[in-house]
Amino acid sequence: MQTRLKLLAVFLTILLPSKMALSQVNYDESKVPPLHLPSIFISEKGKVINSKEEWESIRKPEIFRLFESEVYGQIPKDFDQVSFEVNERLDHEFNSIAKLEEVDIKIQLGDRSHSMRLNLLLPKKSNGPYPIILLINHRDPEEDGSLAEEGYWPVAELIERGFATASFHAETVAPDDTIRYMNGILNNLYPEQKEQSDGLKALGAWGWGAMRAMDYFEQHQVIDSKKSILVGHSRSGKAALWASANDPRWAITYSNESGCGGAALSKRKFGETVEIINNRFTHWFAENFRKYNGAEESLPLDQHMLPALIAPRAVYYASAKADEWADPKGEYLALQIGSEVFSQIYAKESPFKTTWEELNGPVSSNTLGYHIREGEHNLTWEDWEIFLAFAKKSLGI
């Protein structure tokens, strides 16, 4: 009996702080603090940014350094060699419509090395070159051994629409685990990052994986890497945005319901907050991000600046109405405000003419888009179908 009581006490010690934290989550718009966002167009020295030259030489590098130092940590760019070992598999569920390449991407840095697995599916009905859609996948592998989860990665539908599509799993670069995340590129290639307050963590590692996949796409004879799309849902959507801010080779970046630390404004303190996400997922963000636990007002940046770093390349966000945890309004506002760089610096049309409350249906231009659907937190075929209409318009296909 005493042993059982002790175990119960330990359980309650672990559970109660979590329950208390969740009970304090704000879902009431009237309790959102006044929104004071740092200006995208005023430099750290107070200079007003008016031109493309000033943006790209002054303000954009400042904002990038802030995200790198205070939020996501570094994505190391150094390695000596990248090589590709390709196996074409015939025994897969999409064999009637697609070729499957299992690609082991090996990266060498001095006497260190790491290999990651990429699955690439190419349409059989034409010769290409094909536009490419890469999904960063953090979900557990299918129990039946299937390549793709229906809806989440709709391979057949993408192939039938003329896209090549690929995916790699988080496990292959940094396991999505508070301890094991180091058992990937951190231990194998970049161990020095572990000791740095702005060092690489899991989200950055997944972004690094997307960059290595792009290395393969660029040299592939039947892939049009200039028409490339990077997709991430939830935590992978955070990684996709940061990857695209680091790597200008992506034509379109699609973040689906990525919420706090991704698409949504942190300073709204609505749904998941900086403190909650840092305490639950200690392996995602740079150690420096913990300085802003419960102190979002002191952040020198916010997520409206992230799509601005990707401009003038295309950016698309999606939300779900029942997913208040991810703060759909905060996601829309961040993209709406960030779109000012597209319109004022690059003369790209912003489609975000209405307030969040007046929003009615998907909105998009050739470069920017957003939709919100009914339902819960997930990446569904409905999301894909709406996004693909935007992607085809944006890529001109």
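Relevant structure appears above.
A quick note: this is a predicted structure, and the numbers were derived from the prediction, not measured.

Asker: Help me understand helix α6 (residues 235-246) in this model?
Answerer: A turn of α-helix holds 3.6 residues, and therefore any two residues three or four places apart point the same way. Counted at 1.5 Å a residue, the expected span for α6 with its twelve residues is 16 Å, and the 17 Å between its end C-alpha atoms agrees. For α6, the tally of buried residues reaches eleven of twelve residues, placing the bulk of the element in the interior. Along α6, the positions that sit buried rather than exposed are Ser236, Gly237, Lys238, Ala239, Ala240, Leu241, Trp242, Ala243, Ser244, Ala245 and Asn246.

Asker: Help me out: how do you make sense of helix α2 (residues 52-72) in this one?
Answerer: An ideal rise of 1.5 Å per residue puts 30 Å on 21 residues; α2 reaches only 26 Å between its terminal C-alpha atoms. Listing the buried residues of α2 in full gives Glu54, Trp55, Arg59, Glu62, Ile63, Phe64, Leu66, Phe67, Glu68, Glu70, Val71 and Tyr72. Lining the buried residues of α2 we find α5 (202-219), α6, α8 (305-310) and α9 (328-344). Just past α2, the residue glycine 73 takes up positive phi, approximately 85°.

Asker: Sorry if this is basic, but what is going on with the packing of α2 against α6 here?
Answerer: Packed helix pairs are specified by the crossing angle of their axes together with the interaxial distance, meaning the distance between the axes. Packing of α2 against α6 leaves a shortest axis separation of 11 Å and a crossing angle of 145°. In this structure, α2 meets α6 at a crossing whose hand is left-handed. Contact residues: α2 offers Phe64, Phe67, Glu68 and Tyr72, while α6 offers Lys238, Trp242, Ala245 and Asn246. Of the residues contributing to the contact of α2 with α6, the split by class is five nonpolar, one polar and two charged.

Asker: Mind showing me how you'd approach the packing of aromatic side chains here?
Answerer: Aromatic ring pairs: the centre-centre distance and the angle between the two ring planes describe each pair. By the definition in use, this model includes 22 aromatic pairs. A centroid spacing of 5.9 Å and a plane angle of 25° characterise the contact between phenylalanine 67 and tyrosine 72, whose relative ring orientation is stacked. Residues phenylalanine 67 and tyrosine 72 agree in their burial class; the two are buried. Every member of this aromatic cluster is reached through a ring pair, and the members are Phe64, Phe67, Tyr72, Trp242, Phe281, Trp284, Phe285 and Phe289. If you follow arginine 139 out to its NZ or CZ, it ends over the ring of tyrosine 152, 4.0 Å from the centre.

Analysis parameters
- Residues numbered from 1 in each chain as written.
- Predicted model: local features only at pLDDT ≥ 70, side-chain atom pairs only at ≥ 80, totals over all residues.
- Heavy atoms only, no water.
- Helix = DSSP H or I, 4+ residues; strand = E, 2+ residues; numbered from the N terminus.
- Expected span 1.5 Å × (residues − 1).
- Buried < 20%, exposed > 50% of the residue type's maximum accessible area, 1.4 Å probe, protein only.
- Contact = heavy atoms within 4.5 Å.
- Axes fitted to C-alpha atoms, helices over the stretch in contact; angles between N-to-C directions.
- Left-handed = near helix turned anticlockwise from the far one by under 90°.
- Nonpolar A, V, L, I, M, F, W, Y, C, P; charged D, E, K, R; others polar.
- Phe/Tyr/Trp six-rings, centres within 6.5 Å; stacked < 30°, edge-to-face > 60°.
- Lys NZ or Arg CZ within 6 Å of the ring centre and 35° of its normal.

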